[in-house]
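Structural overview
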Amino acid sequence: GSLVNLFLGCIMYVGLSRLALGLMRGPVFFYINIGRREFRMLGHFLLLILIMIGVMICVSIVAGLGLGAALQPSTGAGMGRGVGGIAAVAVGIGVAVFLVWFFTRLTFLLGPVIAAEPSGGIGRSFQLMKGNVLRAIGLMIIVFLPFMFVAGIVEFVVLGDAFTAMMPNPGSPPSPEAMQR
């Protein structure tokens, strides 16, 4: 199921990229093409998943070792609890910023590169994004933030009281029924 959904997404992504780049002419009401580009996109998505897993493991190890050293008691080589907590927050923010930058640079132009170039892929996407990552992140924020805001309002209006019931209340203890699960 998931691999089929991923492949259908590849077909859609390549088709939309080709249409946006002007490589397909005329109106397109129905598009299913199973060819070299779509299989290359699937292969690059699978490779991207492996890269993401590897990068997350490496970043977790490095951040864990760094935080472990920072949170050592102040009698040893560590910084103490207060400074260690600040270091933990700083490392968390730094890791999040790095991951957003890295994966935006890696994936933002992947579809257009595969649709337009016969041998391009993740490396070419990474190369083309040099110096453009902040613009791409700004574009994503400008496009998705208003949509998320409107979707939240619609969800609140449609769900009403059920919307607030889904939100956790940190001030109240969990119910005994929730503790049993």
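Our structure's up above, just so we're on the same page.
First things first, this report covers the structure right here in the doc. (Residues numbered from 1 in each chain as written. Predicted model: local features only at pLDDT ≥ 70, side-chain atom pairs only at ≥ 80, totals over all residues. Heavy atoms only, no water.)

**Looking at the overall build of the protein**
When you go through the protein residue by residue, the secondary structure sums to eight helices and zero strands. Counting from the amino terminus, helix and strand elements in the protein follow one another as α-α-α-α-α-α-α-α. Expressed as a percentage of the 181 residues in the protein, the buried residues total 24%. The long-range fraction of contacts in the protein, counting pairs at least 24 apart against all pairs at least 6 apart in sequence, stands at 59%. (Helix = DSSP H or I, 4+ residues; strand = E, 2+ residues; numbered from the N terminus. Buried < 20%, exposed > 50% of the residue type's maximum accessible area, 1.4 Å probe, protein only. Contact = heavy atoms within 4.5 Å.)

**What to know about the nonpolar core**
Grouped together as the largest cluster of nonpolar side chains are 17 residues, with contacts concentrated most on Met 41, Phe 45, Leu 48, Val 55, Phe 103, Leu 106 and Leu 110. Going through the elements one at a time, helix 1 (2–20), helix 2 (36–70), helix 3 (81–107) and helix 4 (110–116) are the ones with two or more residues in this core. Looking at this core element by element, the count peaks at six residues for helix 2. (Core = buried A, V, L, I, M, F, W, Y, C linked by side-chain atoms within 4.5 Å.)

**A closer look at the packing of aromatic side chains**
The tally for this structure, following the rule as stated, stands at seven aromatic pairs. Arranged with centres 6.3 Å apart and planes meeting at 35°, the rings of Phe 98 and Trp 101 form a pair that is tilted. With Phe 98 and Trp 101 both in helix 3, this residue pair falls three residues apart, about one helical turn. Residue classification places Phe 98 among the partly exposed positions, given a relative accessible area of 36%. Residue class for Trp 101 comes out partly exposed when judged on its relative accessible area of 32%. (Phe/Tyr/Trp six-rings, centres within 6.5 Å; stacked < 30°, edge-to-face > 60°.)

**Some points on the environment of Ile 34**
Relative to the assigned elements, Ile 34 resides in the loop between helix 1 and helix 2. Here Ile 34 falls in the exposed class, since its relative accessible area comes to 52%. Here the alpha-carbon distance between Ile 34 and Leu 8, two residues 26 residues apart in the chain, equals 9.4 Å. Excluding its chain neighbours within four sequence positions, the residues that come into contact with Ile 34 are Phe 7, Ile 11 and Phe 39.

**Points about the pattern of salt bridges**
Enumeration over the complete set of coordinates arrives at one salt bridge. Note that Arg 124 and Glu 117 form a salt bridge whose closest N and O atoms lie 3.2 Å from each other. (Salt bridge = Lys/Arg side-chain N within 4 Å of Asp/Glu carboxyl O.)

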